[in-house]
Amino acid sequence: MRTIAIVGGGFAGSITAVHLMQQADSPLNIIIINNRFPLVKGIAYATPYAEHLLNVPVSSISAFSQHADHFFNWLHKHDDFKDIPAETLKNSFAPRKIYAEYLDTVWATTLENKSEQVNLQVIEDEVINVIPNNDSFNIELRNASPIKADYVVLATGNAIPKNIPIADPSFYDSKLYYKNPWDDACMQGLKSKRDILIIGNSLTMIDAVISLQSKGFSKKIYTMSPHGFAIMPDATVPLYGRDILSEIPRPYRLYDLVKLFNKHMKRCEREGISKVAVVNSIRYQLQNIWFDFSTEDKRYFIKRVSSIWNAWRHRTPAGMYDRISKLINAGKLIPITGRLVSLTEKDGYVEARINDKKANKEISLDVERVINCTGSQIDVQLPGSLLNTLYTAGLIDADPLRISLNADATTNRVIDRYGNISPNMYTLGNNMKGILWETTGVPEIRAQAENVAIKLLEQIKETNPLSSPHYS
Ligand SMILES: Cc1cc2nc3c(=O)[nH]c(=O)nc-3n(C[C@H](O)[C@H](O)[C@H](O)COP(=O)(O)OP(=O)(O)OC[C@H]3O[C@@H](n4cnc5c(N)ncnc54)[C@H](O)[C@@H]3O)c2cc1C
């Protein structure tokens, strides 16, 4: 019997396992090894805060791309949502905690209905190495004996944010610095005697502000990033009604796209149409666009365009935007556009020096703690992670932009440091960022999870044709 080991049991790893359990028609062993965050929910949906909302409307966040209404149908039967009119519910942004309940139901239903020929084992541990052994792998765990598998799926998900360069990086050992914004420790033991500094000005920052408020934090919250407050409200807007990409030739070039966008944004202004409609109109073409870009275009995009693009693309529900705007207007939340100069631990507090671009001077803040909300950043060269160990061994490589892993976009198989597509190691989600760009949200991950499962089952059949139902 073949064994598939899935490293990471967040949304990506567990939905891959769901597809394997639903579709396997011959004996199969599935092992999920997961640590730190709860199985199925992962970082995003394990939040204890009821006010943390999904940033994708109910109609677009089913766990299954083939069943677009799967989440909506479940939610519409939920006691707290059953009285909301269908169209209103479809366009709303549900709490992430509720989405976690839905994922738990998907998981439990799959386990109930799985074939007896499929074994599932969930191990709560950390994978510290994956060592090839002929055609299979020995998977080393931090706290238990190694396990053997024929195939590995790297579903390691979000990486903890990187430290920002500062004058004296020894500060980063301070207890007043919280590097992992998804660890609830950042919200514990708040004193509310001094303000707080959040590094980062995007969606993770909003989560942190909401959490701080729900913990009763009463002082000011400063947020800072080189491009300033970069969040826009999301709401249902009418379809744009034009296939704007048909106006430019393929392969798509960044220059042509920027021109095209400017043209349509101006049209929106003239005709009173929401500009968001233009962004939405290409939402499901973004991987094709990225795929067409030359490496130079991709580099230029990341350096010069991505901050403004991300603001348009990763919006927050309108209600949440209003709440954040009110805090800003009340002077409780103060977004700074600037660069961090230094962070220094003083007697029970942190002195933060920031080059404030708008004020055109260096400012100093005394804060009770600093929380890094700059978001997931994968760097296979950074020592101390499984991905770094695999990179050092040559099993995986960085993508050409060095923002994720190198992988084959069609099969989701990793590409090793010698340029070979691995025959038996797959990846998905955040690890595909450099290859697909648009790859971290549920709509993309669910499709990749299905793809990985189908490819694995096809491969198992090819290598063992007797296992096909035709012969059994
Ligand atoms: C706070 C937050 C909110 C988000 N909200 C939304 C949203 O509203 N809508 C949307 O579409 N997307 C959202 N996203 C995007 C999100 O990344 C995806 O939706 C999805 O949840 C990612 O799942 P994942 O399994 O790839 O990663 P993760 O959730 O990060 O799960 C990875 C799991 O693998 C484990 N792991 C990693 N390395 C190892 C190892 N070596 N050994 C064992 N286990 C390991 C981790 O500890 C973790 O449990 C959000 C992301 C975040 C961070």
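Keep in mind it's a predicted model, so treat the numbers as computed, not measured. (Residues numbered from 1 in each chain as written. Predicted model: local features only at pLDDT ≥ 70, side-chain atom pairs only at ≥ 80, totals over all residues.)

Novice: Quick question: what am I supposed to make of the sheet that holds strand β4 (residues 127-133) here?
Specialist: Note: strands within a sheet are paired through backbone hydrogen bonds, in either parallel or antiparallel orientation. Strand order in the open sheet made by the three strands is β4-β5-β6, with antiparallel pairing throughout. The sheet is open, and its two borders are formed by β4 and β6 (147-149), each paired with just one other strand. On average, each strand axis in the sheet is inclined to that of its neighbour by 25°, with strand direction left out of account. Relative to strand β5 (residues 136-141), β4 runs antiparallel, the two being bridged by six bridges. Residue pairing in the sheet places N133 in a bridge with S136 of β5. (Pairing = 2+ DSSP bridges. Helix = DSSP H or I, 4+ residues; strand = E, 2+ residues; numbered from the N terminus. Axes fitted to C-alpha atoms, helices over the stretch in contact; angles between N-to-C directions.)

Novice: Can you help me understand the confidence of the model for the chain in this one?
Specialist: Summary statistics for the chain give a mean pLDDT of 95 and a share of 98% for residues scoring 70 or more. Note that residues 468-472 has pLDDT below 50 and, in this model, five contacts with residues that lie over four places away or in other chains. (pLDDT = per-residue confidence, 0-100. Contact = placed C-beta atoms within 7 Å.)

Novice: Got a minute to help me understand helix α14 (residues 442-463) in this structure?
Specialist: At 3.6 residues per turn, the α-helix brings residues three or four places apart onto the same side. Across its 22 residues, α14 extends 31 Å between first and last C-alpha, which sits within 8% of the 32 Å expected from 1.5 Å per residue. Along α14, the residues that are buried comprise V442, E444, I445, R446, Q448, A449, E450, V452, A453, L456, L457 and I460. Residues of α14 that are buried make contact with β1 (2-7), α1 (11-23), β7 (151-154) and β17 (421-427). (Expected span 1.5 Å × (residues − 1). Buried ≥ 20, exposed ≤ 12 C-beta atoms within 10 Å, placed from the backbone.)

Novice: Which parts of the structure should I look at to understand the sheet that holds strand β2 (residues 28-34)?
Specialist: With respect to topology, six strands assemble into an open sheet ordered β3-β2-β1-β7-β17-β16, the strand pairing being mixed. Pairing within the sheet leaves two strands with one partner each, and these edge strands are β3 (118-124) and β16 (413-415). In this sheet, neighbouring strand axes are inclined to one another by 30° on average, regardless of whether the strands run parallel or antiparallel. Both β16 and β17 contribute to a ladder of two bridges, which runs antiparallel. In the sheet register, R413 faces β17, and the bridge partner there is Y426. Each of β1, β2, β3 and β7 touches α1; the most contacted strand, β2, lies at about 170° to it.

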